[in-house]
2 protein chains.
Amino acid sequence: MQVKEVYVSAPGKAILHGEHAVVHGKVALAVSLNLRTYMRLEANTTGKVSLNLPNIDIFMSWDLSELRKLVPYFRDAELVRILRDFVGIANGNSDTCNMATLAFLYIYLSLFALSELPSLTVSVWSELPTGAGLGSSAAYSVCVAAALLCASGVIPAPLKEWDHTSRWCQEDLELINSWAFKGEIIIHGNPSGVDNAVGTWGEVPRSTKVLVARVKDKINKFPSIMTPVLDSVDAISCTCEKVLSEMTSEPITGEHYNILEELIDINQHHLNVMGVGHPTLDTVCRVTLARGLHSKLTGAGGGGCGVTLLRPETDSSVVQSTIQDLRDCGFDCWETSIGGAGVQQHSPAAVKQDILDILNQY
Amino acid sequence: MQVKEVYVSAPGKAILHGEHAVVHGKVALAVSLNLRTYMRLEANTTGKVSLNLPNIDIFMSWDLSELRKLVPYFRDAELVRILRDFVGIANGNSDTCNMATLAFLYIYLSLFALSELPSLTVSVWSELPTGAGLGSSAAYSVCVAAALLCASGVIPAPLKEWDHTSRWCQEDLELINSWAFKGEIIIHGNPSGVDNAVGTWGEVPRSTKVLVARVKDKINKFPSIMTPVLDSVDAISCTCEKVLSEMTSEPITGEHYNILEELIDINQHHLNVMGVGHPTLDTVCRVTLARGLHSKLTGAGGGGCGVTLLRPETDSSVVQSTIQDLRDCGFDCWETSIGGAGVQQHSPAAVKQDILDILNQY
């Protein structure tokens, strides 16, 4: 073990525009969020590896003696299946909680099999909702990859004594991203690679051309009607990227936000046209619009998650009333900004106290 | 006067798809309705010309001696302005009721100025709502043109003794249509010519490439986003025309109606994207969808009128419940079919008794 203790974090992501259209060669626009997943990795002498994921009620512990039996298989193409048997997850079960355990063990074994399996405790706490399409699994995978790569000595711990927060060099980030992607493959089967890239590098905006989708039937049924809609979505993503880029390089004006709102409204209609909308998302749009706020679904659609744009001048009382309206309809709400930094190492002092308390209780 | 009495009728119209997109060179799809405007013209010896439009509370009467003073101006480019002064309509007032009076006098004078101005009574009753974009003014103009052309002897009365209902030959219909268009110009200023064509020829479907619209700003603002939307609307109109045409030549299947419903839903979203939607139309869509029925706005949008598709298997109790739901929201409802015949002459026996009673009371 190269480090005694390491705190890392990685951001979640939101798709602003282009979900579903991307599979048809169109651009999708992903942004990092300022909602993060935090992880503490601590070397110890318990002779055990413990994984604590209190968000999803996962508290696992394995004896090193048991884990060592898996070492011969660490390059086996069947490693994931072997790990399934080891953990006792039935074949066909792809529950995210179980997959998060598999992804951790996979990266742990792969990185330490050729040296000594270390005894350590890993604890994770996320500000992100699980399974809402906000990249919580990728943020987790990025944290696991960064912390274990660091612990194994493959990459250095970037944090200097006098630092509170540090990032890795580009080469190290690429390694973190590639291991996080392996974790994502275990968790999602066929990830786009966007979520782990956003978790690793953060910032806005990031375009992608690969994602999953369910709109093919409708496109095959009405090609002359649907193909232009995808073209329009593509143009929305590009326009939004341009506007966001202007907002980082020029004085931000109300017109910037007006355009962002119009793009949200247009795309929400397009998503409904593509058949991936959901009455609950229409409700979100209606409830927020009644307060003057514009929303669209984000991610896979068919329920799931929506994004609502808050203008800088939006009064906090309006935000609070809207949140209450949404909660009254049974929705959960998270307020955040976009453009969160990619994966970081923190000093304990740089981790919010409440999160630190959670991570340190295991 | 060539005829003592003539009953005529003409259908209203609905735009199924393509409203607003047509100004950008796209196709719009208009169909005739089985809601009609009926007119009775009766020659008399009162020395007066009377115009009774009970739907819009217009009951006018002019002495022939007064009307004869207008004859010298019948080819004057300023005739409409002269008629305004005659009737006493303030300049700038373009109220439909007043314009309907002007259109009648314009056609009356134009057709009879070179012979003798006849004494007659014209009464109109319409099943169409006024000002809802369902072509009520065009149906009126078509009736005025047909009845006055007939009365003047320019075209024959097609009704034979043994007929109940008759239509004119193609050449006569073209003349009716051209005079109706002149009436429409007076009533609307800049009509597309679609409404009077549908009123004259009826049937389904009729494509057009000219209409008014208010979407230019948005297209200029986001050309790359909006141009594909117009392409999609164009494809919707073409697909709908193809499906309707199949339904007249092949056995009608549930899938035909499924497609018509999907086209309605997609286009309703597009119209919202184009910025011509209205919350009240969204309400219509939501209320009808709760009963399994699909709706979209029709015509100019921004409020106005919507169409809801009734499938043949839709239970009449569902229709009645939906109508009640809509009425509870403050909407008026008309149930009709599409494909009504163009302008017709009727025997009194062929006019529904309640309408005959109204027309004959003046």
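Residues numbered from 1 in each chain as written. Chains lettered and ligands numbered in written order. Predicted model: local features only at pLDDT ≥ 70, side-chain atom pairs only at ≥ 80, totals over all residues. Heavy atoms only, no water.

Visitor: Just to check I follow, could you spell out the nonpolar core for this structure?
Guide: In globular proteins that are soluble, nonpolar side chains generally tend to be buried together. If you look at the biggest cluster of nonpolar residues, it comprises 103 residues, and the most contacted ones within it are F104, Y108, Y140, L148 and I176 of chain A. Those residues in contact with Y140 of chain A, other than ones at most four positions away along the chain, are T37, M39, L51, L53, A100, T101, F104, V124 and I187 of chain A. One finds L70, A100, L128 and A235 of chain B within the second-largest nonpolar core, a separate group that totals 101 residues. (Core = buried A, V, L, I, M, F, W, Y, C linked by side-chain atoms within 4.5 Å. Buried < 20%, exposed > 50% of the residue type's maximum accessible area, 1.4 Å probe, protein only. Contact = heavy atoms within 4.5 Å.)

Visitor: What is the right way to read the UniProt feature "transmembrane region" (unreviewed entry) in chain A from this model?
Guide: All names here are of chain A. Per the UniProt record, "transmembrane region" (unreviewed entry) is found at residues 103–126 and 138–159. Structurally, residues 103–126 is divided into 42% helix and 29% strand, and its ends, taken at the C-alpha atoms, are 17 Å apart. Its end C-alpha atoms 22 Å apart, residues 138–159 is made of 68% helix and 0% strand. (UniProt positions renumbered as here; feature names shortened; annotations may be inferred. Helix = DSSP H or I, 4+ residues; strand = E, 2+ residues; numbered from the N terminus.)

Visitor: Explanation requested: the interface of chain A and chain B in the structure shown.
Guide: At the interface, 23 residues of chain A touch 23 residues of chain B. Summed over both partners, the interface of chain A with chain B buries about 1900 Å², with 71% contributed by carbon and sulfur atoms. If you sort the residues of chain A by the area they bury against chain B, F222, I225 and H269 of chain A come out on top, with a joint share of 28%. Counting across the chain A and chain B interface gives four salt bridges. As a salt-bridge pair, K221 of chain B and E255 of chain A come within 3.4 Å of each other at their nearest N and O atoms. Run the count over chain A and chain B and you get seven residue pairs in polar contact (both at pLDDT 80 or more). (Buried area = accessible area lost by both parts, 1.4 Å probe. Salt bridge = Lys/Arg side-chain N within 4 Å of Asp/Glu carboxyl O. Polar contact = N/O pair within 3.5 Å; in protein donor to acceptor, adjacent residues only side chain to side chain.)

Visitor: Teacher, can you tell me more about the side chain of D195 of chain B here?
Guide: All names here are of chain B. Residue position: D195 is located in helix 6 (residues 194–201). Looking at D195, the relative accessible area reads 14%, which means it is buried. Beyond its immediate sequence surroundings of up to four residues, D195 is in contact with K13, G135, A138 and E184.

Visitor: Is there a simple way to explain unusual backbone geometry in this structure?
Guide: Of all residues except glycine, most have a negative phi; of all peptide bonds, most are trans. All names here are of chain A. Its identity as a non-glycine residue notwithstanding, D57 has a phi of 60°, on the positive side. With respect to the helices and strands, D57 occurs in the loop between strand 3 (48–53) and strand 4 (58–63). By relative accessible area, which is 63% here, D57 ends up exposed.

Visitor: I keep staring at the confidence of the model for chain A and nothing clicks. Help me out?
Guide: In regions of low pLDDT, the predicted coordinates are not meant to be interpreted in detail. Summary statistics for chain A give a mean pLDDT of 91 and a share of 94% for residues scoring 70 or more. Low confidence marks residues 209–213 of chain A, where pLDDT is under 50. Its contacts with residues over four positions away, or in another chain, come to 17 contacts. (pLDDT = per-residue confidence, 0-100.)

Visitor: Help me out: how do you make sense of the side chain of T314 of chain A in this one?
Guide: Tracing the backbone through its elements, the reader meets T314 of chain A in the loop between strand 9 (305–308) and helix 11 (316–328). Contacts of T314 of chain A, omitting those with residues within four sequence positions, involve L293 and V319 of chain A.

Visitor: How do you make sense of empty space enclosed by the protein when you look at a structure like this?
Guide: Empty space among the atoms can be located by rolling a probe the size of a water molecule over them. Inspection of every chain in the model, using the stated rule, returns two cavities of 30 Å³ or more. Within this model, the largest cavity holds a volume of roughly 200 Å³. In terms of lining, the largest cavity is formed by 14 residues, of which the most central are I56, T130, S136, S137 and Y140 of chain B. Contributions of two or more residues to the lining of the largest cavity are made by helix 3 (96–112), strand 5 (120–126) and helix 4 (136–152) of chain B. In terms of residue count, helix 4 of chain B provides more of the lining of the largest cavity than any other element does, three residues in total. As for the second largest cavity, its lining consists of 13 residues, of which I56, T130, S136, S137 and Y140 of chain A are closest to the centre. Counting only elements with at least two residues in the lining of the second largest cavity, the list comes to helix 3 (96–112), strand 5 (120–126) and helix 4 (136–152) of chain A. (1 Å grid on protein atoms, 1.4 Å probe; cavity = no way out; pocket = protein on both sides within 12 Å on 5 of 7 lines; lining within 4 Å. Points joined across faces, edges and corners; volume = space filled by probe spheres on them.)

Visitor: In this structure, what is going on with the packing of aromatic side chains? I would like to understand it.
Guide: Where two aromatic rings form a pair, the distance of their centres and the angle of their planes describe that pair. Taken as a whole, this structure holds seven aromatic pairs over all chains when the rule is applied. Seen in terms of ring centroids, F104 of chain B and Y108 of chain B are 6.0 Å apart; in terms of plane orientation they differ by 20°. Their pairing is stacked. Residue F104 of chain B and its partner Y108 of chain B are both found in helix 3; the two are separated by four residues, about one turn of the helix. Comparing F104 of chain B with Y108 of chain B, the two get one shared label, buried. Judged by centre distance (5.3 Å) and plane angle (45°), the rings of Y108 of chain B and F112 of chain B are tilted. Pair noted here: Y108 of chain B and F112 of chain B are both in helix 3, with a separation of four residues, about one helical turn. We note that Y108 of chain B, like F112 of chain B, is buried. Of the aromatic side chains, those joined through ring pairs into one cluster are W62, F104, Y108 and F112 of chain A. Above the face of the W179 of chain B ring, K182 of chain B is positioned so that its terminal group lies 4.1 Å from the ring centre. (Phe/Tyr/Trp six-rings, centres within 6.5 Å; stacked < 30°, edge-to-face > 60°. Lys NZ or Arg CZ within 6 Å of the ring centre and 35° of its normal.)

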